[in-house]
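Each chain, letter by letter, is given below.
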Amino acid sequence: MRGCFAPMTHVLKIEVVIPEKERSKEEMSPNGKASPLIYKVNGTARHYHLEDHPIASNPYHNLKDVVEASVCHVKDLENGQMREVDLGCGKALLIKESGEFHAVGHKCPHYGAPLVKGVLSKGRVRCPWHGACFNIGTGDIEDFPGLDSLPRFQVRFLYLLYFFFFVVTQALQTQRRTKVMAKCISLSNYNLSSTNVLIIGAGAAGLVCAETLRQEGFSDRIVMCTMDRHLPYDRPKLSKSMDSHPEQITLRPKDFFCTYDIEVLTEMQVAAVDVKTSDKHLKDQEKLCKGKEMENVFNIRTPEDANRVVKLATSKNVVIVGASFLGMEVAAYLAERAHSVSLVELEHVPFKKFFGERVGRAVMKMFENNRVKFYMQTEVSELREQEGKVSDGLGLPVASPRATIPFFLLMNNKKVNVPHWQMAHMHGRIAALNMLAHGTEISTVPYLWTAMFGKSIRYAGHGEGFDDVVIQGDLDELKFVAFYTKSDEVVAVASMNYDPIVSKVAEVLAAGRTIRKRDVE
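Keep in mind that what you see is a predicted model, and the values were worked out from it rather than measured. (Residues numbered from 1 in each chain as written. Predicted model: local features only at pLDDT ≥ 70, side-chain atom pairs only at ≥ 80, totals over all residues. Heavy atoms only, no water.)

Trainee: Please explain the nonpolar core as it appears in this structure.
Mentor: Nonpolar side chains in soluble globular proteins generally cluster together in the buried interior. Judged by nonpolar contacts, the single largest core of 51 residues is most densely connected at F367, M452 and Y484. Every residue in contact with F367, bar those within four places of it in the chain, is listed here: M328, A331, A332, V372, F374, M452 and F453. One finds I136, M181, A210 and A424 within the second-largest nonpolar core, a separate group that totals 45 residues. (Core = buried A, V, L, I, M, F, W, Y, C linked by side-chain atoms within 4.5 Å. Buried < 20%, exposed > 50% of the residue type's maximum accessible area, 1.4 Å probe, protein only. Contact = heavy atoms within 4.5 Å.)

The structure is reproduced here in structure tokens:
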């Protein structure tokens, strides 16, 4: 006879408490700090991919002082599990690890990937799309890409005796880190001991460097110098979403730089730096232009370049020199708009050195099925001008993707160039920390992605010099994972339609563990 001594039922409830100051003020969170209940929108995409669409600027609607929701049975969540839970006003990611519950924002602030589909490992969750990592206890961003951290909710348990049942109530309160961004002291307070920082370039590396300096309490002058005419923007969109306007892909709004006293000198180039005297010589970019441009030949370096190519390529014949990641992305984007798209490349298969011949041929076939023509093992030796245009008789616009700057990483005691967007972010942070004498070494697993015809290839590791490729899945169906091995060790992985395998491998490599070839065969 059970009587009133019924078995205990543990129901998990979530109570979201919104502090008054949070409800009255929406403040942009700097990188590395837990965000308030807002997400930074990194631009508006108009391409084919769900992952390119921006996330909502505020995913929590109709907020009250307290929101309580019963979300699941306590025993429903095992150690190492994540669950997306509905709070009524929005969603949160509920996590159980090592017997403890944590709750953070449910979408990656970069492009809005659902983190519940990501990888949970040793106190952090890794984004399934692009590899950004977040601490589940603080919400802090620990690896990139992206600038903002996750909203974090403070967890506490309340045990209530009600109708002879124990109810577990979990209260989650949005928290901002106690550490705040510094601001520049007044110029009138400057003295000879003041340290001014000039950051050459205003890409992801430069921006993360500036933000990290302020984050770490640096209160002297910070100046970013860029040849571009815009504030820092999401550069990968130049080839993945070519009709995006500058204001749609800006990484931070203008008032952010004003608030944190970060000066940005646009259309300016550092011509020389005297390391002995620390003198810098700047030149107006417009004065540096040399040579004669042809009307139908373009280098894609700015949003205006990308916009112009899209506009002029419509219903025209387009030739792209180089089947690099950027060249292939431009070809994919223009295939629907141009009359024809042709790619000229020295290699006999695209991406052979990076993905291997089998994966490269599968990608090449996908492009050919979308009316892209390849001229392989072919080199452009000369562009002949006639009346200001390339004189090939057809008036072909030639789009040549932008150049990249090197980002170095020490791999197996060898310095290698890894020019990925994620690596640019990480270099910016490490540079800032070492400017402040923190003595921080870079520790990350290179991670990149490319988007073409509604498909994404994800890649992690450094596979230079691989001697074999182990492929699982179906290359013809474009659903596969490829493991790149050197001797007996997996050094990199690539996948298409196989999430979150690349993020899983990245976490294993980040932990310093070795994956053997026999483990993936």
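Trainee: Is there a simple way to think about the sheet that holds strand β14 (residues 222-225) in this case?
Mentor: Sheet strands pair by backbone hydrogen bonding; their relative direction is either parallel or antiparallel. In spatial order, the strands read β13-β14-β15; together these three strands make up an open sheet with parallel pairing. Lying at the two open borders of the sheet, with one neighbouring strand each, are β13 (197-200) and β15 (262-265). Adjacent strand axes in the sheet meet at a mean angle of 20°, parallel and antiparallel pairs treated alike. As defined by bridge partners, β14 adjoins β15 across four bridges and the pair is classed as parallel. Residue M224 lies in a different strand from β15, and its bridge partner there is V264. (Pairing = 2+ DSSP bridges. Helix = DSSP H or I, 4+ residues; strand = E, 2+ residues; numbered from the N terminus. Axes fitted to C-alpha atoms, helices over the stretch in contact; angles between N-to-C directions.)

Trainee: I'm lost on the pairing of β14 in this one. Help?
Mentor: For a regular strand, the rule is simple: side chains alternate between the two faces of the sheet. Side chains I222 and M224 of β14 all project onto a buried face; the interleaved residues V223 and C225 project onto the opposite face, where all are buried too. Bridge analysis of β13 against β14 gives four bridges, and the strand direction is parallel. Note on β14: the bridge partner recorded for I200 is C225. Following the backbone out of β13, through helix α2 (residues 204-215) and into the adjacent parallel β14, one traces a crossover that is right-handed. (Right-handed = clockwise from strand over helix to strand, strands pointing away.)

Trainee: Looking at this model, I keep getting lost on helix α11 (residues 501-510). Mind explaining?
Mentor: An α-helix turns once per 3.6 residues; consequently, residues spaced three or four apart project the same way. Among the residues of α11, V502, S503, V505, A506, E507 and V508 are the ones counted as buried. Positive phi appears at G512, one or two residues downstream of α11, with a value of about 80°.

Trainee: Even after reading the chapter, I still don't get the sheet that holds strand β7 (residues 124-126), so can you show me in this structure?
Mentor: The strand order across the open sheet formed by four strands is β6-β7-β8-β9, and the pairing between neighbours is antiparallel. Where the open sheet ends on each side, the last strands, each with one partner, are β6 (119-121) and β9 (141-143). Taken over all neighbouring pairs, the strand axes of this sheet differ in orientation by 30° on average, direction set aside. Taken strand by strand, α11 contacts β6, β7 and β8 (133-135), and its axis lies near 135° from that of β7.

Trainee: How should I be thinking about the confidence of the model for the protein in this particular structure?
Mentor: Should pLDDT be low for a region, the predicted coordinates there are not to be read in detail. Scored by pLDDT, the protein comes out at a mean of 79, with 71% of its residues at no less than 70. Throughout residues 16-50 the model reports pLDDT below 50, and contacts reaching past four residues in sequence, or to other chains, amount to 155 contacts. The low-confidence segment residues 286-292, where pLDDT is below 50, has four contacts with residues more than four positions distant or belonging to other chains. (pLDDT = per-residue confidence, 0-100.)

Trainee: I'm lost on the pattern of salt bridges in this one. Help?
Mentor: Any two side chains of opposite charge can pair, so long as their charged atoms come close to each other. A full pass over the atoms with the stated rule returns 14 salt bridges. Between E84 and K91 there is a salt bridge, with its nearest N and O atoms 3.5 Å apart. For E84, a relative accessible area of 29% translates into the label partly exposed. Residues R252 and E211 are paired through a salt bridge, measuring 2.8 Å at the closest nitrogen-oxygen approach. A residue pair is termed long-range when its members are at least 10 positions apart, and R252 in the loop between α4 (246-249) and α5 (254-259) and E211 in helix α2 qualify at 41 residues. Note on accessibility: R252 and E211 belong to one class, buried. (Salt bridge = Lys/Arg side-chain N within 4 Å of Asp/Glu carboxyl O.)

Trainee: Help me out: how do you make sense of the packing of aromatic side chains in this one?
Mentor: Each aromatic ring pair is described using two quantities: the centre-to-centre distance and the angle formed by the ring planes. A complete count under the given rule lists 14 aromatic pairs for this structure. Seen from their ring centres, F256 and F257 are 5.8 Å apart, and the 85° between their planes marks the pair as edge-to-face. Looking at F256, the relative accessible area reads 2%, which means it is buried. The buried category is assigned to F257, whose relative accessible area is 4%. Their ring planes at 40° and their centres at 4.5 Å tell us that F354 and Y459 sit as a pair that is tilted. Of the two residues, F354 sits in helix α8 (residues 352-355) while Y459 sits in strand β28 (residues 455-461), which places them 105 residues apart along the sequence. Three or more aromatic residues joined by ring pairs make a cluster, and in this case those are F325, F351, F354, F355, Y459, F466 and Y484. The ring centre of F256 lies 4.7 Å from the NZ or CZ of R252, which sits over that ring. A cation over a ring is seen here: R337 above Y333, with NZ or CZ 4.0 Å from the ring centre. (Phe/Tyr/Trp six-rings, centres within 6.5 Å; stacked < 30°, edge-to-face > 60°. Lys NZ or Arg CZ within 6 Å of the ring centre and 35° of its normal.)

Trainee: Would you explain the pairing of strand β31 (residues 489-496) in this entry?
Mentor: Among the eight residues that make up β31, seven are buried, leaving the element largely enclosed by the rest of the structure. Taken together, the five bridges between β28 and β31 define a ladder with antiparallel strand orientation. In the strand pairing of β31, G461 is matched with A492. Linking strand β30 (residues 479-486) to β31, which pair antiparallel, is a turn of two residues; within it S487 sits at a positive phi near 60°.

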